[in-house]
Number of protein chains: 2
Amino acid sequence: MKINLALAGFGHVGRRFVRLLREREAELAALGLEPMVVAIATKRHGALFSSRGIDAVEQAERVEKGLALEDGIGVALKDARAMIAKTADLWEPAVLVETTVLDITAGQPAIDHVRAALTAGMHVVTANKGPAAFAARELQALAEDRALSFLFEGAVMDGVPVFNLVRETLPAARVTGFEGVLNTTTNQMLVAIERGEAAAAALARMQAEGIAEADPSLDLEGWDAAAKTAALANVLLDARITPQAVEREGLGSDIEARVRQAAAHGKRLKLMARARREAGGVRAEVNLREVDPASPFGALDGPANALRLDTDLVGPILITQLEGSLTATAYALVSDLVRVARRLRAHA
Amino acid sequence: MKINLALAGFGHVGRRFVRLLREREAELAALGLEPMVVAIATKRHGALFSSRGIDAVEQAERVEKGLALEDGIGVALKDARAMIAKTADLWEPAVLVETTVLDITAGQPAIDHVRAALTAGMHVVTANKGPAAFAARELQALAEDRALSFLFEGAVMDGVPVFNLVRETLPAARVTGFEGVLNTTTNQMLVAIERGEAAAAALARMQAEGIAEADPSLDLEGWDAAAKTAALANVLLDARITPQAVEREGLGSDIEARVRQAAAHGKRLKLMARARREAGGVRAEVNLREVDPASPFGALDGPANALRLDTDLVGPILITQLEGSLTATAYALVSDLVRVARRLRAHA
């Protein structure tokens, strides 16, 4: 099945995604999927559309050399919105691949892009947590009304299946709550402090190594974990919350003392995310908790994520990502794309 | 979609399964599935067929009182083979639900039942590891030839998705190997010995509590873990092995000394299952290994299972079942049944 792709955002994830499509061309064809990139919209390198297809790997190489997208191989566009309108006009089924840089306090511009694409009749796959964290209900309803797919497997666990796992492999079961370590930057920082590094030194080192952002506040203050918690709660527990509604604690100025205090009685400090159905709705929180080192969350070192899903029929299931990577996040988009194609074929 | 079910085996799992269908009737209907039990074949309580449907929960209550299946509500049958022939003759799509007691050294009678059902045009869902451990390739080819489903999610992790997870949520990725703790009886025994219980006393207690079998040798000698390893290797790594081809170690007479020896240098002894693609094919083994207590496998206490899948695109993914249960195993059959219905609908 031929599917047209329009890429909003063409950073590390977007570029790894188009290379992965190339590398796995044969496997995808065997699954009945023939994707063609027809448009790319970037923030600083221009936006391009060609109904005959764009060699996206070639464009990725240009962008990595600091060049703009190539002139003359298609139509230049104003922005992602214009790209969505052009792509939606084509005859083949079309998918928006959303990987723009996220404003985590508002979920933009991803939410606007997703809404515009669904309204125009395009399916959406995204690695952004914004749409699910802020507008899951609205966007899912929009997609359902129009029999379109809106998928975001890469938003929370970097490609380790969570949403597809529940949707596809746990039918007729209910998720009653979850708990997890969802932010790797803070987890690596806590481990570094345990090992004797000062908090400021650990952060500087991690920034130098590219593990922590230049502005690390969204990770350290718990916003990233809160956004993931909201996305999980909205989708798995039918909550209607935003990251602002998640009770939130971050790594404060007393973090070294708290790590030492935990260690003094044989525990490890972890930034835990939790949500649970309660009488008045869903309660969601992100906070520092002391856990046993010989427990599933306590055993997490380095860039690992883990999520325990509490289910009514299978009991608690724990999913751990031992090594996140750019490839894993880009792969989440590929696996969502395969899901779009399977659904299209089933309804063809 | 109306689907006829024929049950081969009506023990704890089979009876929990029919009650689960009743309890989740509304959820299953919402997923488009209307299952009707038309036949039950037991070893000691008779075999029954009625094209108008059988109240399987009522029959479960009879069996639990020690009674035979009810006379006069249908046709009495000789055995499961006769049941398969009768059910396959009906017009609606039909599924064999295989939960007979397994001969783990040969995979029978489950393999014969699965083969007969597929040959007669029936789909198969089973909680038995025998068919996948001994005859995965043959039975999968048979199912594929006839566009039938052959599913066995309950065979290895008691309802925690493994096979469906790889099939449905990791398309175009490759599993390169796996490692896990797959047998809960030995794991609970090793934990008991760590806590100071003598091996013989721990076994007797576990037998009294219904955790260990009256004949525990298949668990203790590693046969159960080897059968699960073979099933995983055959399906996820395209191996063509049987449990006999798995290098196998069990809990020997020196087990207390080995547990103490591990503890003396801060480790825990675990019965680990592993398989990996190698130049000459797939190498699979089950053996006792010392692991760090603060590691994913080392942190496993009690009736927990855990499996690490090594993948090329998402890296290693760890799935942990924290509490196995009869309901979880029965649910695996339900989730496989939903998968059969989804596939039937997609091809309708």
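Look above for the structure.
Given the structure is predicted, the values throughout are model-derived calculations rather than measurements.

K.L.:
I tried to follow the interface of chain B and chain A on my own but got confused; where do I start?
P.N.:
Frequently, the measure chosen for interface size is the accessible area removed from exposure when the parts meet. Facing 45 residues of chain B, the contacting portion of chain A comprises 45 residues. Summed over both partners, the interface of chain B with chain A buries about 3,700 Å², with 62% contributed by carbon and sulfur atoms. Interface area lost by chain B to chain A is led by R24(B), L313(B) and Y331(B), which between them contribute 18%. The tally of links between chain B and chain A comes to eight salt bridges. One salt bridge in this structure joins E168(A) and R342(B), with 3.5 Å as the shortest N-O distance. Seen at the junction of chain B and chain A, the total is 20 residue pairs in polar contact (both at pLDDT 80 or more). At the level of secondary structure, the elements contributing two or more residues to the side of chain B that touches chain A comprise α2 (25-30), α8 (163-169), β13 (315-321) and α14 (326-346) of chain B. Residue composition of the side of chain B that touches chain A, by class: 25 nonpolar, nine polar and eleven charged.

K.L.:
Looking at this structure, how should I read the sheet that holds strand β7 (residues 150-151) of chain A?
P.N.:
Two orientations exist for strands paired in a sheet by backbone hydrogen bonds: parallel and antiparallel. Residues and elements named next belong to chain A. Reading across from one edge, β4-β3-β2-β1-β5-β6-β7 is the order of the seven strands in this open sheet, with mixed pairing throughout. The open sheet has two free edges, formed respectively by β4 (75-76) and β7, since each of these has just one partner strand. Here strand β5 (residues 94-98) runs beside strand β6 (residues 123-126); their pairing, made up of four bridges, is parallel. Residue pairing for β6: E98 is matched across the bridge by T126.

K.L.:
Explain the nonpolar core here, please?
P.N.:
Counting 242 residues, the largest nonpolar core has L5(A), F17(A), L5(B) and F17(B) as its most contacted members. In contact with F17(A), other than residues within four places in its own chain, are L5(A), L7(A), V97(A), A330(A), L333(A), V334(A) and L337(A).

K.L.:
Quick question: what am I supposed to make of the relation of the copies chain B and chain A here?
P.N.:
Mapping chain B onto chain A calls for a rotation angle of 180° and an axial translation of 0.0 Å; the resulting RMSD is 0.0 Å. In short, the pair behaves as if placed about a two-fold rotation axis.

K.L.:
Help me out: how do you make sense of the environment of D224(B) in this one?
P.N.:
Residues and elements named next belong to chain B. Residue placement: D224 occurs in helix α12 (residues 223-236). Given a relative accessible area of 8%, D224 falls into the buried group. In this structure, the C-alpha to C-alpha distance between D224 and P243, residues 19 residues apart in sequence, is 8.7 Å. Beyond its immediate chain neighbours, meaning those up to four positions away, D224 contacts I104, K129, L182, N183, L218 and D219. In terms of polar contacts, D224 uses its side chain to reach the side chain of K228, at 3.0 Å.

Criteria and thresholds
- For every chain, the first residue of its written sequence is number 1, and the numbers climb from 1 along that sequence.
- To read the labels, note that chains go from A and ligands from 1, taken in the order they are written.
- At least 70 in pLDDT is required for a residue's local features to be given in this predicted model, at least 80 for side-chain atom pairs to be given and counted, and no such filter applies to totals for whole chains, interfaces and linings, which use all residues.
- Water and hydrogen atoms play no part in the side-chain values, which are based on all heavy atoms of the structure.
- We call two residues in contact when some of their heavy atoms are within 4.5 Å.
- In short, buried area is how much 1.4 Å probe accessible area vanishes from two parts on joining, totalled over both.
- In what follows, salt bridge is the name for a side-chain nitrogen of Lys or Arg lying within 4 Å of a carboxyl oxygen of Asp or Glu.
- In the analysis that follows, any N or O atom pair within 3.5 Å is treated as a polar contact, provided that within protein one partner can donate a hydrogen and the other can accept it, and provided that, for residues neighboring in sequence, both atoms belong to side chains.
- Strands are runs of DSSP state E lasting at least two residues, helices are runs of H or I lasting at least four, and both sets are numbered from the N terminus onward.
- Under the convention adopted here, Pro, Cys and the residues Ala, Val, Leu, Ile, Met, Phe, Trp and Tyr are nonpolar, Asp, Glu, Lys and Arg are charged, and Gly plus all remaining residues are polar.
- A pair of strands counts as paired when DSSP detects no fewer than two bridges linking them.
- For our purposes a nonpolar core is just a set of buried Ala, Val, Leu, Ile, Met, Phe, Trp, Tyr and Cys residues, chained together by side-chain atoms within 4.5 Å.
- Three exposure classes are used, based on accessible area relative to the maximum for each residue type with a 1.4 Å probe and protein chains only: buried under 20%, partly exposed in between, and exposed over 50%.
- Our superposition of the copies is a least-squares fit, built on the C-alpha atoms of residues whose pLDDT is at least 70 in both.

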